[in-house]
Amino acid sequence: LMMAGRDLSASHIALSDTRVMLTCAVIGHAAGTGAGLCVRNGLTPRELYQRHLAELQQQLLKEGAHLIGLQANDPRDLARQAAISASSEAAPAGNVTNGYARAADGVPNAWLPGAKAPPPHWVELSWEAPVAFNVVHVTFQSAKLAPGRFAVEAWQDGDWQPIVAVTDNRHRRQVLGLGKLTAAKLRVALDEPAG
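Draft legend 1. Region of interest: the overall build of the protein chain. Regarding its fold elements, the protein chain presents two helices and seven strands. Along its sequence from the N terminus, the protein chain presents helices and strands in the succession β-β-α-α-β-β-β-β-β. A globule of 195 residues ought to have a C-alpha radius of gyration of about 16 Å, yet the protein chain, at 21 Å, is considerably larger. Over its C-alpha atoms, taken along the principal directions, the protein chain stretches across nearly 75 × 45 × 30 Å. Within the protein chain, the fraction of its 195 residues that count as buried is 31%. In the protein chain, 62% of the contacts between residues at least 6 apart in sequence involve partners at least 24 apart. Accessible area of the protein chain: about 12100 Å², with a carbon and sulfur share of 57%. The distance from the centre of the 18 positive side-chain charges to the centre of the 17 negative ones in the protein chain is 5 Å.

Draft legend 2. View of the pattern of salt bridges. Within the structure shown, the criterion is met by five salt bridges. Between Glu 55 and Arg 40 there is a salt bridge; the shortest N-O distance is 2.9 Å. Separated by 15 residues along the polypeptide, Glu 55 in helix H2 (residues 45-62) and Arg 40 in helix H1 (residues 10-41) bring together distant segments of the chain. Exposure remark for Glu 55: the relative accessible area of 31% places this residue in the partly exposed category. When its relative accessible area of 54% is taken as the criterion, Arg 40 is described as exposed. A salt bridge links Arg 51 to Glu 47, with the nearest nitrogen and oxygen atoms 3.9 Å apart. Here Arg 51 and its partner Glu 47 are both found in helix H2, four residues apart, which amounts to about one turn of the helix. Arg 51 gets classed as exposed once you look at its relative accessible area, which sits at 55%.

Draft legend 3. Seen up close, the packing of aromatic side chains. The tally for this structure, following the rule as stated, stands at two aromatic pairs. For the pair Phe 140 and Phe 150, a centre-to-centre distance of 5.2 Å together with 65° between the ring planes defines the contact as edge-to-face. Of this pair, Phe 140 sits in the loop between strand S4 (121-139) and strand S5 (150-156) while Phe 150 sits in strand S5, and the two are ten residues apart along the sequence. The exposure classification of Phe 140 matches that of Phe 150, with both residues buried. Considering the side-chain rings of Trp 155 and Trp 160, the 5.2 Å spacing of their centres and the 70° angle between planes classify their relative orientation as edge-to-face. Taking the relative accessible area as the measure of exposure, Trp 155 reaches 32% and is therefore partly exposed. The lysine or arginine in question, Lys 185, covers the ring of Trp 155, its NZ or CZ lying 4.7 Å from the ring centre.

Draft legend 4. Seen up close, H2. Here H2 is 18 residues long, yet its end C-alpha atoms lie only 20 Å apart, well below the 26 Å a rise of 1.5 Å per residue gives. Bending of H2 peaks at approximately 95° at the position of His 52. Of all the residues in H2, the buried ones are Leu 48, Leu 56, Gln 58, Gln 59, Leu 60 and Leu 61. Following H2 by one or two positions, Gly 64 adopts a phi angle in the positive range, close to 100°.

Draft legend 5. Region of the structure containing the side chain of Arg 172. Among the secondary structure elements, Arg 172 is positioned in the loop between strand S6 (159-166) and strand S7 (173-190). No salt bridge is formed by the buried Arg 172; the nearest opposite charge belongs to Glu 63, separated by 13 Å. One polar contact links the side chain of Arg 172 to the main-chain carbonyl oxygen of Ala 101, over a distance of 2.3 Å. For Arg 172, the contacting residues outside a window of four places in its chain are Ala 101, Arg 102, Val 138, Thr 139, Phe 140, Gln 141, Ser 142 and Ala 143.

Reading the values: rules and limits
- Residues numbered from 1 in each chain as written.
- Predicted model: local features only at pLDDT ≥ 70, side-chain atom pairs only at ≥ 80, totals over all residues.
- Heavy atoms only, no water.
- Helix = DSSP H or I, 4+ residues; strand = E, 2+ residues; numbered from the N terminus.
- Rg over C-alpha atoms; globule rule 2.2 N^0.38 Å.
- Buried < 20%, exposed > 50% of the residue type's maximum accessible area, 1.4 Å probe, protein only.
- Contact = heavy atoms within 4.5 Å.
- Areas by Shrake-Rupley, 256 points an atom, 1.4 Å probe, with all protein chains shown as cover.
- Lys, Arg positive; Asp, Glu negative; His and termini not counted.
- Charge placed at Lys NZ, Arg CZ, Asp CG, Glu CD.
- Salt bridge = Lys/Arg side-chain N within 4 Å of Asp/Glu carboxyl O.
- Phe/Tyr/Trp six-rings, centres within 6.5 Å; stacked < 30°, edge-to-face > 60°.
- Lys NZ or Arg CZ within 6 Å of the ring centre and 35° of its normal.
- Expected span 1.5 Å × (residues − 1).
- Bend = angle between axes of the 7 residues up to and from the residue.
- Polar contact = N/O pair within 3.5 Å; in protein donor to acceptor, adjacent residues only side chain to side chain.

Set out below in structure tokens:
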């Protein structure tokens, strides 16, 4: 392939293709989510944009998309209705429900246990009355900073009961499907400090 007298070999083409893959994936995610909302609500894409853009944006945030400067505020998010506490704090536990899932403008938007605090490290959500749920979203600052192992525990019969344990974790975000569970307290427990 020649362009303006320059040989564009296969390596040049492959490199440019690689650079746009993430962009295409993000666009595909938004298009697919938008199409799903159109089908579910009987809307055209234009109607979705005109009348349901905020719903689309909140759904994308729930699915792990990063919309710069946009805060998650889904009223169905039980975590946002909970009181937050932690085993220790280098960054406030309240950050886990502030609506931002990535560090921005020098704010970590994550809980971090104290560097010298002994394990286990945990962050807890508690509600005044038991709530029912069947999925837990756990997000760490990055895949590189995510712990290799963590557990989600629920307060049941006067003690912490493990409901799911993740081992060999290499992901920034985990969406953990559960059977329907009712609890007044839920916590994420870590053996190693992670945000």
